[in-house]
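# Structural overview
The primary structure of each chain is shown beneath.
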Amino acid sequence: MCSICGCGEHDTLEHDDHHHDHPHDRAPLHAHAAGMPATRMVQIEQDIMAKNQRYADANRRFFASQNLFVVNLVSSPGSGKTSLLVKTVEALKSEMRVAVIEGDQQTGLDAARIQATGVPAWQINTGKGCHLDAHAVGHAMEHLPEIQNGVLFIENVGNLVCPAGFDLGEAHKVVVLSTTEGEDKPLKYPDMFHAADLMILNKSDLLAYVDFSVAKAEAYAQQVHPGITSFTLSARSGDGLEAWYGWLRAGVARVTMQR
Amino acid sequence: MHELALCEGLVQSLEDQAMSKGFAKIFAVWLEIGALATVEPDAMTFNFEIVARGTVAEDARLEIIPVAGEAWCMNCSTSVPITRRGDGCPTCGSYQLQVLDGEQMRIKQIEVA
Ligand SMILES: Nc1nc2c(ncn2[C@@H]2O[C@H](COP(=O)(O)OP(=O)(O)OP(=O)(O)O)[C@@H](O)[C@H]2O)c(=O)[nH]1
Ligand SMILES: [Mg+2]
Ligand SMILES: [Zn+2]
Ligand SMILES: [Zn+2]
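Keep in mind that what you see is a predicted model, and the values were worked out from it rather than measured.

## Description of the overall build of chain A
Counting secondary structure elements, chain A contains eight helices and eight strands. The buried share of chain A, taken over its 259 residues, is 49%. For chain A, long-range pairs separated by at least 24 residues make up 73% of all intrachain contacts whose partners lie at least 6 apart in sequence.

Below, the structure is given as structure tokens:
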């Protein structure tokens, strides 16, 4: 099986570098045992993320052609990504085109929560996979209606580690950290907070009940990512959502004005 | 862990190289891994052996070339060594750092026949 393409068939993006049926050229192990192994050195210089990067670049070109502002939401499981998205798409769907790609190891629960708002959503199940990759996202686009001049949300698999390393073609990674998780997370998972351009501190309605210092969380995030933007809000009560909506509107305005 | 996915990408690249450059067997692979890359070298070695089975890279030796982290300190206006993401400038303690080197995961060379 091709390791990048789990699906095998409907290749639409940039699949020229795919070799699904190539024979594995297996040399017998001790073919060179008779004499000196006639080996040689080949210089390569190739990033091992090169494949994902090619798909991410193709996605990015496609998103640009559709004037789509694409946001990749990352967090540990249960920080409130889907709750925030449900609120957000309800608020914005009347003023702009919106679609959502959901990533989870199993179930279509999150996509169903979005679809209940009337906004198109497609669920990717990664099985054992711990993150979305650019190739899976490219295929997910085939299942969504064509949308232009709007926002596409990609909710990544709940995991503060792996999704940091995979570019999906998004404009920004947005990391969601909830107040029940502890303010030290930016220091413990620095790669993720470094990769994200915006940090959302969610579940602000619980601040009275937990020992979570917003100031400390922000200072730690600045430490691993100088200049990172931060909003504190509650997907439950709706507090603080306007700043997030403003950030999204500005992003959509930027991509639609570039035309 | 995504080292498995990364190893699958690595082995796929090696197979592509074997196809295009026409060699039958890979004996060793030199992989540069930066101190700030999102990957654990030990986990790479472990997964590589498993993923490489049944491919041109079966039984190949994976040599990891560690690359130190290096950043530009805006405060000191000089490049400084950093060992981890989130560490400050070793001279002045500032976090206003721009990474210059140490994020790579790159195949450098392979020994083939
Ligand atoms: N009190 C409070 N609870 C919240 C808030 N946002 C989400 N929750 C709750 O947190 C739990 C997880 O929310 P989800 O929206 O499913 O979180 P998620 O990040 O999408 O989770 P995964 O997709 O499984 O990673 C649910 O019980 C939500 O009701 C909030 O702002 N305040
Ligand atoms: Mg969710
Ligand atoms: Zn992963
Ligand atoms: Zn300094």
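Resuming the write-up.
## With respect to the interface of chain A and chain B
Contacts between chain A and chain B engage 36 residues on the former and 41 residues on the latter. Remark: the boundary between chain A and chain B carries four salt bridges. Close ionic contact of Glu45(A) with Lys108(B) constitutes a salt bridge, the shortest N to O distance being 2.2 Å. When residues of the side of chain A that touches chain B are traced back to their parent elements, those giving at least two are β1 (40-47), α6 (190-195) and α7 (214-224) of chain A. In terms of residue count, β1(A) provides more of the side of chain A that touches chain B than any other element does, eight residues in total. Here the residues of the side of chain A that touches chain B are counted per class, giving 15 nonpolar, 13 polar and eight charged. Sheet topology note: the β1(A)/strand β6 (residues 105-112) of chain B ladder contains six bridges and is antiparallel. Along β6(B), the bridge assignment pairs Gln43(A) with Gln109(B).

## Focus: unusual backbone geometry
Residues and elements named next belong to chain A. Although it is not a glycine, Glu45 sits at a positive phi angle of roughly 60°. On the secondary structure map, Glu45 appears in strand β1. Residue Glu45 is classed as partly exposed on the basis of its relative accessible area, which comes to 46%. In the Ramachandran plot, Lys203 falls in the positive-phi region, its phi being about 65° despite a non-glycine side chain.

## Digging into the pairing of strand β3 (residues 69-73) of chain B
Two faces belong to every sheet, and in a regular strand the side chains alternate between them. Residue and element names in this part refer to chain B. Across the two faces of β3 the burial differs, with Gly69, Ala71 and Cys73 buried and Glu70 and Trp72 not buried at all. In terms of strand pairing, β3 meets strand β4 (residues 78-82) through five bridges, oriented antiparallel. Across the sheet, residue Ala71 finds its bridge partner in β4, namely Val80. In sequence, β3 turns back onto β4 through a hairpin of four residues, with Ser77 there showing a positive phi of about 50°. Note that β3 and strand β5 (residues 97-101) share four bridges and pair antiparallel. Note on β5: the bridge partner recorded for Glu70 is Asp101.

## Re the packing of helix α2 (residues 81-92) of chain A against helix α8 (residues 241-257) of chain A
Residues and elements named next belong to chain A. As a packed pair, α2 and α8 sit with axes 11 Å apart at the nearest point and diverge in direction by 65°. Our pair here, α2 against α8, has a crossing hand that is right-handed. Only Leu241, Trp244, Tyr245, Leu248 and Arg249 of α8 make contact with α2, whose side of the interface consists of Leu84, Lys87, Thr88, Ala91 and Leu92. Across the contact of α2 with α8, the residue classes break down as seven nonpolar, one polar and two charged.

## Description of the sheet that holds β6(B)
Strand order across the open sheet formed by four strands is β1(A)-β6(B)-β1(B)-β2(B), with mixed pairing between neighbours. Lying at the two open borders of the sheet, with one neighbouring strand each, are β1 of chain A together with β2 (61-67) of chain B. For this sheet the average axis-to-axis angle between neighbouring strands, irrespective of direction, equals 20°.

## Here's the deal with the coordination of the zinc ion (ligand 4)
Residues and elements named next belong to chain B. Around the zinc ion (ligand 4), the protein supplies Cys73 (SG), Cys76 (SG), Cys89 (SG) and Cys92 (SG) as donor atoms, at distances of 2.2 to 2.4 Å. The site at the zinc ion (ligand 4) holds four donor atoms, and with the angles between them running 104 to 117°, its shape is tetrahedral. Sequence positions of the residues that donate to the zinc ion (ligand 4) give the spacing C-x2-C-x12-C-x2-C.

## Description of the site of ligand 1
Residues and elements named next belong to chain A. The local shell around ligand 1 holds 19 residues, among which Lys81, Thr82, Ser83, Glu155 and Asp205 are the closest. Contact between ligand 1 and Asn202: an oxygen atom at 3.2 Å from a side-chain N or O atom of the residue. Listed by contribution, the elements that provide at least two residues to the shell around ligand 1 are α2 and α3 (109-115). Of the residues contributing to the shell around ligand 1, the split by class is three nonpolar, eight polar and eight charged.

Conventions adopted
- Residues numbered from 1 in each chain as written.
- Chains lettered and ligands numbered in written order.
- Predicted model: local features only at pLDDT ≥ 70, side-chain atom pairs only at ≥ 80, totals over all residues.
- Heavy atoms only, no water.
- Helix = DSSP H or I, 4+ residues; strand = E, 2+ residues; numbered from the N terminus.
- Buried < 20%, exposed > 50% of the residue type's maximum accessible area, 1.4 Å probe, protein only.
- Contact = heavy atoms within 4.5 Å.
- Salt bridge = Lys/Arg side-chain N within 4 Å of Asp/Glu carboxyl O.
- Nonpolar A, V, L, I, M, F, W, Y, C, P; charged D, E, K, R; others polar.
- Pairing = 2+ DSSP bridges.
- Axes fitted to C-alpha atoms, helices over the stretch in contact; angles between N-to-C directions.
- Left-handed = near helix turned anticlockwise from the far one by under 90°.
- Donors = N, O, S within 2.8 Å, 3.2 Å for Na, K, Ca; no water.
- Tetrahedral: all angles 85-135°; square planar, octahedral: opposite > 155°, others 65-115°.
- Near = heavy atom within 4 Å.
- Polar contact = N/O pair within 3.5 Å; in protein donor to acceptor, adjacent residues only side chain to side chain.

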